[in-house]
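Residue-level listing of the chains:
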Amino acid sequence: RLLIPVVQVSMSVDELKVSQDTELLDVSSTVYDVLRLIKDPEKDATLEDLDVVREDCIKVTRFNSDKYHISIQFVPTVPHCSLATLIGLCIRVKLQRALPYAYKADITLAPGSHDTENDVNKQINDKERVAAALENPNLIKVVEDCIKEEY
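What you are looking at is a predicted structure, and each value in this text was computed from that prediction instead of being measured.

## A closer look at the sheet that holds strand β2 (residues 67–74)
Pairing within the open sheet is mixed, and its three strands lie in the order β1-β2-β3. Either end of the sheet is taken by a strand with one partner, and the two such strands are β1 (58–64) and β3 (103–109). With strand direction ignored, the average angle separating the axes of adjacent strands in the sheet is 20°. When β1 meets β2, the two strands line up antiparallel, connected through six bridges. Note on β2: the bridge partner recorded for T61 is H69. Sitting on the sheet, helix α2 (residues 84–98) touches β2 and β3, and the angle it makes with β3 is about 160°. The sheet strands contacting helix α3 (residues 117–124) are β2 and β3, and the helix crosses β3 at an angle near 155°.

## What to know about the layout of surface pockets
In this structure, the largest pocket occupies an estimated 250 Å³ of space. Forming the boundary of the largest pocket are K67, R92, L95, Q96, Y103, K104, A105, D106, N125, D126, K127 and V130. Elements with a minimum of two residues in the lining of the largest pocket: α2, β3 and α4 (127–133). Split by residue class, the lining of the largest pocket holds four nonpolar, two polar and six charged.

About the criteria used
Residues numbered from 1 in each chain as written. Predicted model: local features only at pLDDT ≥ 70, side-chain atom pairs only at ≥ 80, totals over all residues. Heavy atoms only, no water. Pairing = 2+ DSSP bridges. Helix = DSSP H or I, 4+ residues; strand = E, 2+ residues; numbered from the N terminus. Axes fitted to C-alpha atoms, helices over the stretch in contact; angles between N-to-C directions. Contact = heavy atoms within 4.5 Å. 1 Å grid on protein atoms, 1.4 Å probe; cavity = no way out; pocket = protein on both sides within 12 Å on 5 of 7 lines; lining within 4 Å. Points joined across faces, edges and corners; volume = space filled by probe spheres on them. Nonpolar A, V, L, I, M, F, W, Y, C, P; charged D, E, K, R; others polar.

Don't take any of this as a statement about function, it's just geometry.
And the structure:
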């Protein structure tokens, strides 16, 4: 008869909380790194350069045991920005292509940052509208140009 010793490893509630917080911060940093280099559709600058996307406007929580909930708020350069929906679409497509884990994303304009905030938020979070937009070859080309990484 062979006896195998059993080693019990346990984490305190505080250690588990720190571990989970660190994991969520790591995911948040990854999301920011993915988004910061998206190019603005009409300016020769990135969303990070223009302060459209900021690290403190990305919040990550657990949606369930194997999926994250990512909340992203972005700030257009002017309150009447006609390309806010396109920027939101670029953010969504870039996330879809770059993130290695399951997630649900809510992408919104920062409160009070745009004249038609509610309409834009509705468009960039509606699956059917996003799918329809991505069937437009001209729009796809613009999105591709904005999200491609140049080294």
